Amino acid sequence: MTASKRDELVEKALEIFYRGGFHATGMDKLVAETKISKTSMYKHFRSKEDLIVATLKLRDEQFRTQFFQRVSELADSPEGQLLAAFDALDEWFHDDNFKSCMFIKASSEYQDINHPIHVVAADHKRHLAGFFSGLAAKAGLRNPEDIGRQLLMLVEGAIVIAHLHGIDNAASDAKKTAEILIKAAS
């Protein structure tokens, strides 16, 4: 399998895992849906878990690129971008393909904090907290690390509520709370 075939496998596996979960998606299902043999899969990935790590890394790259770009399109100032993040979330929640957060799913299916899949999921969340902390620092807010972590908590809560309850205003409710946090840190 060439590098492009490997990339194609990772992209297809990402869709399948996102839709069906990690433990619930067996190798036979991956073979059937990707049309790539087990032998070919194992040429590039020693195990299904290695394939999951690759899909999570791809999802991390895709999500952060799209999310950060959308946030910068929605607002010019750092403070405005902190709030625009919740508008970007709202757009994601209303996408027909929204199936919650792949990283929340991964960390709940692989709960050992030292497991490579859990580590990739946790790193994704650390990057998001760092993004928020960086914007908070640029906005001149007090305790930007704390603000970044607190905003990430609001984001994660909104994702879970939107997924579990299908509440249309999960992102806007989280945004209202973010406004209070930001005002208090100004």
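So, here's what we can say about the structure. Just so we're clear, the structure is a prediction, and the values are computed from it rather than from any experiment.

## Overview of the overall build of the chain
A tally of helices and strands in the chain yields nine helices and zero strands. The helix and strand sequence of the chain, counted from the amino end, reads α-α-α-α-α-α-α-α-α. The principal-axis extents of the C-alpha atoms in the chain amount to approximately 55 × 30 × 30 Å. Out of the 186 residues belonging to the chain, those deemed buried represent 43%. Partitioning the intrachain contacts of the chain with sequence separation of at least 6 by distance along the chain shows that 64% fall at a separation of at least 24. Across the chain, the mean location of the 24 positive side-chain charges is 4 Å away from that of the 27 negative side-chain charges.

## Quick word on the packing of aromatic side chains
Summed over all chains, the structure comprises 11 aromatic pairs. Plain terms: the ring middles of F22 and Y110 are 6.5 Å apart, the flat faces sit at 65° to each other, and that makes the pair edge-to-face. Highlighted residues: F22 in the loop between α1 (3–20) and α2 (27–34) and Y110 in the loop between α6 (102–109) and α7 (116–138), separated in sequence by 88 residues. What links up through ring pairs into an aromatic cluster is the set F63, F67, F68, W92, F93, F98, F131 and F132.

## Details of the pattern of salt bridges
Going through the model one piece at a time under the given rule, you end up with 13 salt bridges. The salt bridge involving R46 is made with D50; its shortest N-O contact spans 3.2 Å. The class of D50 is partly exposed, set by a relative accessible area of 24%. Each of K5, E8 and K12 takes part in one network of salt bridges that share partners.

## Thoughts on the environment of M27
Along the chain, the position of M27 falls in helix α2. Here the alpha-carbon distance between M27 and K48, two residues 21 residues apart in the chain, equals 7.2 Å. Those residues in contact with M27 that sit more than four places away from it in its chain are K38, M41, Y42 and K48.

## A closer look at the nonpolar core
Counting 62 residues, the largest nonpolar core has L56, F67, L89, W92, F93 and F132 as the members making the most contacts within it. For this core, the secondary-structure elements that each account for two or more residues are α1, α2, α4 (48–74), α5 (78–93), α6, α7, α8 (144–165) and α9 (170–185). In this structure, L89 is in contact with F67, V155, I159 and A171, ignoring residues within four places of it in sequence.

## Regarding the packing of α5 against α7
The description of two packed helices rests on the angle between their axes and on the distance between the axes. Contact geometry of α5 with α7 gives a least axis separation of 7 Å together with a crossing angle of 150°. Along its contact with α5, which presents P78, Q81, L82 and A85, the element α7 presents F132, L135, A136 and K138. When the residues that make up the contact of α5 with α7 are grouped by side-chain class, the tally is six nonpolar, one polar and one charged.

## Focus on the environment of V31
With respect to the secondary-structure elements, V31 resides in helix α2. For V31 and L9, which are 22 residues apart along the polypeptide, the C-alpha to C-alpha distance reads 9.8 Å. If we ignore the near neighbours within four places in the chain, the residues touching V31 are I36, S37, K38 and M41.

## Digging into the packing of α7 against α8
Interaxial distance between α7 and α8 falls to 7 Å at its minimum, and their mutual angle equals 130°. Taken together, the axes of α7 and α8 are oblique relative to one another. Judged by the twist between their axes, the crossing of α7 over α8 is right-handed. Mapping the contact onto sequence places K125, L128, A129, F132, S133, A136 and A137 in α7 and P144, E145, I147, G148, R149, L151, L152, V155 and E156 in α8. Considering only residue class, the contact of α7 with α8 consists of 10 nonpolar, two polar and four charged.

Conventions used here
Residues numbered from 1 in each chain as written. Predicted model: local features only at pLDDT ≥ 70, side-chain atom pairs only at ≥ 80, totals over all residues. Heavy atoms only, no water. Helix = DSSP H or I, 4+ residues; strand = E, 2+ residues; numbered from the N terminus. Buried < 20%, exposed > 50% of the residue type's maximum accessible area, 1.4 Å probe, protein only. Contact = heavy atoms within 4.5 Å. Lys, Arg positive; Asp, Glu negative; His and termini not counted. Charge placed at Lys NZ, Arg CZ, Asp CG, Glu CD. Phe/Tyr/Trp six-rings, centres within 6.5 Å; stacked < 30°, edge-to-face > 60°. Salt bridge = Lys/Arg side-chain N within 4 Å of Asp/Glu carboxyl O. Core = buried A, V, L, I, M, F, W, Y, C linked by side-chain atoms within 4.5 Å. Axes fitted to C-alpha atoms, helices over the stretch in contact; angles between N-to-C directions. Nonpolar A, V, L, I, M, F, W, Y, C, P; charged D, E, K, R; others polar. Parallel < 35°, antiparallel > 145°, perpendicular 65-115°, else oblique. Left-handed = near helix turned anticlockwise from the far one by under 90°.

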